[in-house]
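The chain contents come next:
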Amino acid sequence: MKNLFLIGMAAASMMLASCSSDENVEMANNKNAIEFKTFVNNSTRTTNDATADNLMKFKIWGRFESKDGTKKGAPFVARDMTKTGGVWSYGTPLVYWEKDYKYSFQALAPHNAYTFTAPTEYGEWGSLTFDNKTGETDLIYAANDFGLYNGGSCPAAVNLTFNHLLSRVRFQFTNGMDDGSGVYVTDVKITNAYANGTATLAASIDAVVWTTSNPQDLVFGNMTGKVDDKTGRSDHKYMIPTTTATDYTISFKVTRVHHGVTDVYDHTATVSLALQPNKSYQLTATLDKNNINPDDELCPIEFDVSVNPWGNFTDTGITM
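1. Considerations on empty space enclosed by the protein
- Taken as a whole, this structure holds three cavities of 30 Å³ or more when the rule is applied.
- As a volume, the second largest cavity reaches approximately 40 Å³.
- Lining the second largest cavity are Asn132, Lys133, Ala193, Tyr194, Ala195, Gln216, Asp217, Leu218, Tyr238 and Met239.
- Secondary structure elements with two or more residues in the lining of the second largest cavity: β12 (182-200), β13 (209-221) and β15 (237-239).
- Across the lining of the second largest cavity, the residue classes tally to six nonpolar, two polar and two charged.

Next up, the structure:
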C-alpha cells in the first residue's frame, strides 16, 4: 500500500492588536474594589472560536494570603463574570484589595465545559478535566499572579489574558493530478484522537501539562468542494494537546472522476504531532499519481510509435 504522508503546519495563535479587543470593566464606587480587564488571544474568528467579541461570560477564582503567610482566603470562588453593554461585572458584593496581602487569580470559559479542581493556596493553579468527544468546544484560560499589594494608590484592573487550552486542527488536500481528474475527499477522521484529558494548570499557558486518555474517532467530515487550488479544506476541530509526539491515524475516502468514469479509494495515513495549547495545525497532503490509489502507483499510458517504410519502387511498363 502506498503511504500518504500528511504534514502538520503549526501556527501560534496571534494576539489581537486592536484596541477594541480590550473590554470595559466594572467601575466601582469605591476605587479600592478589585476590577478585571479581559483579553482573548486569537488567530482567526470563526463560529466556535472564543474571541474577545463573543466572550460574554466566564468564571473566576482568586486566592490570597497575608505577607507573613498566617492568613489565607479565597476572595473569588467560581464567581460569574458577565458582560452587559460591553461592561464586565462580577456583581455584588464587591471585593476589595487588602494591604499586605498577595493575590493570584484565574478564569475559565465556557463555564459548563470542564470540571475544575480549584487551588487551595495562593500561587497554586489547580487542575481541570475535559471531555472532547466532538471536538467542537473551545476552552480558554487566564491566570494572573498579582503578587503583593502594598497599599497606597489603588491597583489598575487585573489583566486577564485568555489563552486557548486546546489545539486547533484542520485538513487541506491539494489535487496534484496532471490528467484533468476531479478529486473529492470525504469522510475524514482521526481514529485515535483523545476524548478525555486532565490539565494541570499554571500561571503560564506554556507550563500547562495535559494528561490524555480514551482515544476515539474525531470526525472532520468532507472537504469543502472539489480538491483543487487548495480549496479542499475542512473546518477545524479542537484537540487535547499532548506533551510528546503522538502518532495519529487518519482515514478518508478519495473520489476521482476521470474520462467519464469514477474511482473511489479508501485511504489510511499517519502523522506524528506533539500538539501544543493555543496553537493551530493544518495537516496538508497532495493527491497525485503516486498516492491517489493507495495500492498502486498510476502508470501513464505511453506509446511506442513507428512507421513502416515504403517498399522499393518496382518498374512497371505502360502499354502504349
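2. Points about the packing of aromatic side chains
- Per the stated rule, a full pass over the model turns up 15 aromatic pairs.
- Plain terms: the ring middles of Trp61 and Phe116 are 4.5 Å apart, the flat faces sit at 65° to each other, and that makes the pair edge-to-face. Residue Trp61 is located in strand β3 (residues 57-66), and its partner Phe116 is located in strand β7 (residues 114-117); the two are separated by 55 residues in the primary sequence. Of the two residues examined, Trp61 and Phe116, each falls in the buried class.
- With a centroid separation of 5.1 Å and 85° between ring planes, the pair formed by Phe76 and Tyr90 is classed as edge-to-face. Within this pair, whereas Phe76 is found in strand β4 (residues 72-84), its partner Tyr90 is found in the loop between β5 (87-89) and β6 (101-109), the two being separated by 14 residues in sequence. Exposure class is identical for Phe76 and Tyr90. Each is buried.
- Ring pairing ties together the aromatic residues Phe64, Phe76, Tyr90, Trp97, Tyr101, Tyr103, Phe105, Phe146 and Tyr149, which thus form one cluster.

Conventions adopted
- Residues numbered from 1 in each chain as written.
- Predicted model: local features only at pLDDT ≥ 70, side-chain atom pairs only at ≥ 80, totals over all residues.
- Heavy atoms only, no water.
- 1 Å grid on protein atoms, 1.4 Å probe; cavity = no way out; pocket = protein on both sides within 12 Å on 5 of 7 lines; lining within 4 Å.
- Points joined across faces, edges and corners; volume = space filled by probe spheres on them.
- Helix = DSSP H or I, 4+ residues; strand = E, 2+ residues; numbered from the N terminus.
- Nonpolar A, V, L, I, M, F, W, Y, C, P; charged D, E, K, R; others polar.
- Phe/Tyr/Trp six-rings, centres within 6.5 Å; stacked < 30°, edge-to-face > 60°.
- Buried < 20%, exposed > 50% of the residue type's maximum accessible area, 1.4 Å probe, protein only.

Everything listed here is a matter of coordinates, which is why it stays silent on function.
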